[in-house]
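Chain by chain, the residues:
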Amino acid sequence: MIVEQALAFVDQKLPQHHLNYVQEIVFRASWQGQSYVECAKTYDYSPEYIKAVGYKLWQLLSLTFKEEVTKNNFQSIIRRHFFIGQPGLVNTHVKNGNEVIILKNNLIEASAEVADAQLNVKVVHNWGEAVDISVFYGRTEELVTLENWIEQERCRLIGIFGMGGIGKTALTAKLAKQLRGKFDYLWWRSLYDGPPLEELLADLISFLSNQQETEVELPKSIEGRISRLIDYLRSSRCLIVLDHVQSVLSYNDKTLTHCQRSQGYDILWQRVGEVDHQSTIILTSQEKPRKVELMEGERLPVRSLKLCGLKEAEGRAIFEDKGFFSGSENEWKLLMQYYAGNPLILKIVAAVVENLFGSCLGEFIEFSKQGTMIVDEIRDLLNCQFNRLSNLEQSVMYWLAIHQEPVSLQELRDNFLLPRDKQKLLDALMSLERRCLIDKAKPTLVERSLSKFTLQPIVTEFVTEHFIEQVCHEIVLEEMPLLMSHLLSKTQNKDSVRENRNRTILLSIAQQVLALDQNQQEQDIKCKLNRIFLRIREAFSPLPGYGHENIMKLSSKLNISLSEDDCCMFTIRQNDISGVNKFKSAQVYAVESGKSF
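Just so we're clear, the structure is a prediction, and the values are computed from it rather than from any experiment.

Draft legend 1. Highlighting the pairing of strand β6 (residues 238-243). The buried fraction of β6 is high, at six of six residues. On β6, burial covers both faces: Cys238, Ile240 and Leu242 on one face and Leu239, Val241 and Asp243 on the other are all buried. Sheet analysis places β6 next to strand β7 (residues 280-285), joined by four bridges and oriented parallel. Residue pairing across strands places Ile240 opposite Ile281, the latter belonging to β7.

So, in structure tokens, the structure goes:
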């Protein structure tokens, strides 16, 4: 017998009311063998309060079952009362004047479906493509929060958002399994293929009407079908899960069909969030719909949960379930921090470490220092989200990767040279926040009121890699959008940070330019850089840009000298141009930002 079955049975037996939120917490924790102190620590209550709630809970159960119930015996009492009267599950005989109950075939751990039937829980469910959760890691706090939103606060619309692979679908499946007995209908659908809303509503209404309403009988308009759906959400308590919602969002897709489809779903989110009903709709997505963002609030019936990575111990459990891995505490900590506890990425990395490094974390980390900690499966996962970004959003990501440390909004704004980009920066940051791609750094004591933005380590490496690849492509084709709009090397307060950036960006670009065409000689590359330099001077000299500085610093890395006539026109924006002094044909001096030489 699992805890959900026990709770459903107790709710059925209680006179005229159910357990409240904290009583249910104590019940669950006690069933799982936790002490009051452990329970209080897990759920952020005082041990004295949890103990007091437990005392009243056992008193209530004692009155309900007409015998003394304590923390030590409540499981056996609930199991005994549950199985009494189940003739197919027990045998009884009299011993010393007492009736003894013997369970047949150890059926205490009966399946959830059998238990639901025994408890007369009539749930009509369609699980669609819900994932298997027989192996599940952590998320105790998130489950408690979500259950409270649904059961105690009766939220109508809940969004669970996070990066790809973070575990949104698994968490939702676990939650739905735990709560299935408290709803009349449960319906799960993946929107991965971007189904038309009309078809989705027709399928859902047919399910909720027990196939009494077919598409022929439904209103033709989306608004009419949503109104019919709300009628069912009011008449029965339904749990509706819509997975992979990002597939029907199209904020950067300007095709007419996709925009119309997205607008239809926006109407659905708004109606089910604003109109009163007794059901709950759960959305999982890599991106938060704008309508949800407008309606959500701590005291409102629309809520959002941004899902972060697993804790270190939970992340290590993924490796341990796969086999034995050797590694020091520092190596485990480094691995979990770098991959931000992303369950899917950790599974991918575990396979790599096991198959290629003999399950040794140290060897994998040491090898990665000479290259990358990203493999193709991780790259594909991040690419799916990055490719959905607008040009400005990608530009913001590039700048955050170039800085490689938290930056303020003003610092970020100063990097952009075009007025239109500066004006739209807030919109781009809001969009990246909705997509769970940027993080807010914890402020220091000095910067207590200053918000700073940054990227997770794995995202920083991916975006840097992508940036280097695109710049190399531009140089080979003698193009210049990124060369003009972004610095390849940005001055930092710490020399070690600057030198590391020179290595990862400037040096990598220099090496890859040579590798892209192995037949190119140094003279050919010099000609390319000179031609790009000349084009920048002729076509873009009236406009602000980083092109000249980038070409000069890249040439310095390649030990290539540019012509004196080109170099003398160069305007430096940064206060530091270390490395540029290698040019033999031009005398370059560091000057104040914005001055020419």
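Draft legend 2. Fine view of the sheet that holds β7. Within the open sheet, the six strands sit side by side as β3-β5-β6-β7-β4-β8. Their pairing is parallel. The sheet is open, and its two borders are formed by β3 (124-126) and β8 (302-306), each paired with just one other strand. Across the sheet, the axes of successive neighbouring strands diverge by a mean angle of 10°, strand direction being ignored. Direction of pairing for strand β5 (residues 185-190) relative to β6: parallel, over a ladder of six bridges. Bridge pairing in β6 places Trp187 opposite Ile240. Packed on one face of the sheet, helix α8 (residues 168-179) meets β4 (157-161), β5, β6, β7 and β8 and runs near 160° to β7. Helix α9 (residues 197-208) rests against β3, β5 and β6 of the sheet, and its axis sits at about 160° to β5.

Draft legend 3. Local environment of the environment of Ala40. Following the sequence through the fold, Ala40 ends up in helix α3 (residues 36-43). Once residues lying within four places of it in the same chain are set aside, the contact partners of Ala40 are Tyr45, Ser46, Pro47 and Ile50.

Rules used throughout
- Residues numbered from 1 in each chain as written.
- Predicted model: local features only at pLDDT ≥ 70, side-chain atom pairs only at ≥ 80, totals over all residues.
- Heavy atoms only, no water.
- Buried < 20%, exposed > 50% of the residue type's maximum accessible area, 1.4 Å probe, protein only.
- Helix = DSSP H or I, 4+ residues; strand = E, 2+ residues; numbered from the N terminus.
- Pairing = 2+ DSSP bridges.
- Axes fitted to C-alpha atoms, helices over the stretch in contact; angles between N-to-C directions.
- Contact = heavy atoms within 4.5 Å.

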